[in-house]
Amino acid sequence: METASWLEEIQAALQAASSWGEVEAIRVAWLGRRGRITEALRGLGRLPAEERRSRGQALNALRQAAEAAISSRLEALKAEAELAALARERLDMSWPGVVPRVGRLHPVTRVRQLVEDVFLRMGFSMVGGPEVESLWYNFEALNMPENHPARDMQDSFFVNVPGMVLRTQTSPMQIRAMEAAQGRLPVRIIATGRVYRRDDDATHVPMFTQMEALVIDREIGMADLKGTLLLLGRALFGPETQIRLRPSYFPFTEPSAEVDVTCANCHGSGCRVCKETGWLEILGAGMVHPTVLRNGGYDPDQVSGFAFGLGLERVAMIRYRFDDLRLLYQNDWRFLQQFGRGEDGW
Ligand SMILES: [Zn+2]
């Protein structure tokens, strides 16, 4: 009968179809509003009654078979497409993964945070000031007049503006902080920042980071200075750390002291790092010179104070145990990635 060969025709066409569009075209040709099966069903009314019944059954069976064949072909095409996509996007699990580089804090930044944390907890406030500084703030107000020999010691970078210099120390912030306090007590500040000197060797670089501390109040003495320094030393180098003060000279403090901490490497027994002395020099300190107090607007007969300046690169060298300060500024990833992980993992 006719419908059997129609079904074979439909199945052959579907087998040859390789896309959803081609299958849809076959569906329209047979089952669409003007499709061959649809037209045949529509023509049933013109047939004699006895023929109409059997032909109707055959056509309906054909329509169902055609619909089933079409949807199974669509399913098969969909499965083929999925397999092709899987093959295309195949992931090779044996390939090495992509490890993102994690940034780390620079050793000097870590040390700065540690030191600032110690002093903020003691009630100090943080102040900042200009890196291009006047000769008055950088030298004269700090008891270093023009012909003072200490001005030679710190070979300076002068700029093309008369009377200005790249600051050689953070000590100008002592004067600026006193001026800002306008005679009020206490003055209790730290100032961290870059300073510039004409030095360049394994233990000196032309730009480095200094931290200045200044305390002014009534009856401030050397014991206050020593207690503060001991606390700082232990925060930076561990709770067993001891400090010692050796007499020294700075124009802006009197008396002045070089401050040593017990060697973080050998804990005082003597090693190569501390040149067998057991001590490492870390900073300069002293009682604020009366002239400096006066230049900041304070009466040295009424108040006293202490100050110290600390090179953060030097602290980083001791804390992280490396011996060339220039490594800090060469931006070598292999060096820098060893530090700045956080609290005790450095
Ligand atoms: Zn040592």
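Residues numbered from 1 in each chain as written. Predicted model: local features only at pLDDT ≥ 70, side-chain atom pairs only at ≥ 80, totals over all residues. Heavy atoms only, no water.

Asks: Would you take a moment to explain the coordination of the zinc ion for this structure?
Replies: Taken together, Cys-263 (SG), Cys-266 (SG), Cys-271 (SG) and Cys-274 (SG) make up the full set of protein donors to the zinc ion, lying 2.2 to 2.3 Å away. Taken together, the four donor atoms coordinating the zinc ion span angles of 106 to 115° at the metal, a pattern that classifies the geometry as tetrahedral. The motif formed by the donor residues of the zinc ion, counted along the single chain, is C-x2-C-x4-C-x2-C. Taken as a pair, Cys-263 and Cys-266 share a single burial class, namely buried. (Donors = N, O, S within 2.8 Å, 3.2 Å for Na, K, Ca; no water. Tetrahedral: all angles 85-135°; square planar, octahedral: opposite > 155°, others 65-115°. Buried < 20%, exposed > 50% of the residue type's maximum accessible area, 1.4 Å probe, protein only.)

Asks: Help me understand the domain arrangement of the protein, please; the structure alone is not making it clear to me.
Replies: Interfaces are frequently sized by the accessible area removed from exposure as the parts join. Assigned domains of the protein: these are domain 1 (2-85) and domain 2 (107-336). One C-alpha centre belongs to domain 1, the other to domain 2, and the line joining them spans 93 Å. (Domains from an automatic or database assignment.)

Asks: Mind showing me how you'd approach the environment of Pro-172 here?
Replies: Checked against the element boundaries, Pro-172 lands in helix α8 (residues 172-181). Taking the C-alpha atoms as reference points, Pro-172 and Phe-250, 78 residues apart in sequence, are found 14 Å from one another. (Helix = DSSP H or I, 4+ residues; strand = E, 2+ residues; numbered from the N terminus.)

Asks: Please clarify how the packing of helix α1 (residues 2-16) against helix α4 (residues 49-88) should be interpreted in this entry.
Replies: When two helices pack together, their arrangement is captured by the angle between the axes and the distance separating the axes. It is the contact of α1 with α4, at a shortest axis distance of 10 Å, that shows an interaxial angle of 10°. Here α4 runs roughly parallel to α1, going by the angle between their axes. Here Glu-2, Thr-3, Trp-6, Leu-7, Ile-10, Leu-14 and Gln-15 of α1 lie close against α4, whose contacting residues are Arg-55, Ala-58, Leu-59, Leu-62, Ala-65, Ala-66, Ala-69, Ile-70 and Arg-73. Counted by class, the contact of α1 with α4 contains eleven nonpolar, two polar and three charged residues. (Axes fitted to C-alpha atoms, helices over the stretch in contact; angles between N-to-C directions. Parallel < 35°, antiparallel > 145°, perpendicular 65-115°, else oblique. Contact = heavy atoms within 4.5 Å. Nonpolar A, V, L, I, M, F, W, Y, C, P; charged D, E, K, R; others polar.)

Asks: Help me understand a negative patch on the surface in this model?
Replies: A contiguous patch of negative charge, built from Asp-155, Asp-199, Asp-200 and Asp-201, is present on the exposed surface. Mapped onto the fold, Asp-155 is located in the loop between α7 (150-153) and β3 (164-166). What makes Asp-155 partly exposed here is its relative accessible area of 45%. (Patch = residues over 30% accessible without salt bridge, like charges linked within 9 Å, V, L, I, M, F, W, Y side chains within 5 Å. Areas by Shrake-Rupley, 256 points an atom, 1.4 Å probe, with all protein chains shown as cover. Salt bridge = Lys/Arg side-chain N within 4 Å of Asp/Glu carboxyl O. Lys, Arg positive; Asp, Glu negative; His and termini not counted. Charge placed at Lys NZ, Arg CZ, Asp CG, Glu CD.)

Asks: Could you clarify how one ought to interpret the pattern of salt bridges in this entry?
Replies: Here the idea is simple: oppositely charged side chains can pair when their charged atoms come close. One pass over the structure, following the stated rule, counts twelve salt bridges. A salt bridge links Arg-27 to Glu-24, with the shortest nitrogen-to-oxygen separation between them at 2.9 Å. Of the two residues, Arg-27 and Glu-24 are both situated in helix α2 (residues 20-31); the distance of three residues between them amounts to about one turn of the helix. Take Arg-27: its relative accessible area is 31%, and that puts it in the partly exposed class. Between Glu-281 and Arg-246 there is a salt bridge; the shortest N-O distance is 3.5 Å.

Asks: Hey, could you run me through unusual backbone geometry in this one?
Replies: Backbone geometry follows two general trends: most residues other than glycine have a negative phi, and most peptide bonds adopt the trans configuration. Here the amide bond leading from Leu-185 into Pro-186 is cis, since omega sits at -10°, within 30 degrees of zero. Among the structural elements, Pro-186 can be located in the loop between α8 and β4 (187-196). Omega for the peptide link from Glu-254 to Pro-255 comes to -5°, which places this bond in the cis form. Along the chain, Pro-255 falls in strand β7 (residues 253-262). One non-glycine residue, Glu-276, adopts positive backbone phi at about 65°. You can see Glu-276 is positioned in the loop between β7 and β8 (279-288). Judged by relative accessible area, which is 57%, Glu-276 ranks as exposed. With a phi close to 55°, Asn-331 is a non-glycine residue in the positive phi region.

Asks: So what exactly am I meant to see when it comes to the packing of aromatic side chains here?
Replies: Between two aromatic rings, the relevant description is the distance of the centres plus the angle of the planes. Scanning the model with the defined rule gives nine aromatic pairs in all. The interplanar angle of 85° and the centroid separation of 5.1 Å between the aromatic rings of Phe-322 and Phe-335 together place this pair among those described as edge-to-face. Note that Phe-322 is positioned in the loop between α11 (312-320) and α12 (333-336) and Phe-335 in helix α12, a separation of 13 residues in sequence. In textbook terms, an aromatic cluster arises when at least three aromatic residues are bridged by ring pairs, as seen for Phe-119, Phe-124, Phe-306 and Phe-308. (Phe/Tyr/Trp six-rings, centres within 6.5 Å; stacked < 30°, edge-to-face > 60°.)

Asks: Where do I start with the sheet that holds strand β9 (residues 304-311) in this structure?
Replies: By definition, the strands of a sheet pair up through backbone hydrogen bonds, in either a parallel or an antiparallel sense. A sheet is described by the order of its strands in space; here seven strands give the open sequence β1-β4-β5-β9-β8-β7-β6, paired in mixed fashion. In this open sheet, the two strands that pair with only one neighbour each are β1 (125-127) and β6 (243-250). The mean angle between the axes of side-by-side strands here comes to 25°, regardless of whether they run parallel or antiparallel. Note: β7 against β8, eight bridges, orientation antiparallel. Residue Thr-262 lies in a different strand from β8, and its bridge partner there is Trp-279. Against the sheet, helix α5 (residues 107-121) makes contact with β1, β4, β5 (207-217) and β9, and its axis sits at roughly 165° relative to β4, the strand it touches most. Across the sheet, α11 lies against β4, β5, β8 and β9, angled at about 60° from β9, the strand it touches most. (Pairing = 2+ DSSP bridges.)

Asks: So what exactly am I meant to see when it comes to helix α9 (residues 222-237) here?
Replies: Since there are 3.6 residues in each turn of an α-helix, residues three or four apart along the chain are aligned in direction. Taking 1.5 Å per residue as the helical rise, α9 with its 16 residues ought to reach 22 Å, and the 22 Å between its terminal C-alpha atoms agrees with that figure. Within α9, burial applies to Leu-225, Thr-228, Leu-229, Leu-232, Gly-233, Leu-236 and Phe-237. The arc that holds the buried residues of α9, viewed along the axis, is 140°, so those residues lie on one side. Contacts made by the buried residues of α9 are with α5, β6, β7, β8, β9 and α11. Gly-238, located one to two residues past α9, shows a positive phi value of around 110°. (Expected span 1.5 Å × (residues − 1). Arc of directions from axis to C-beta.)

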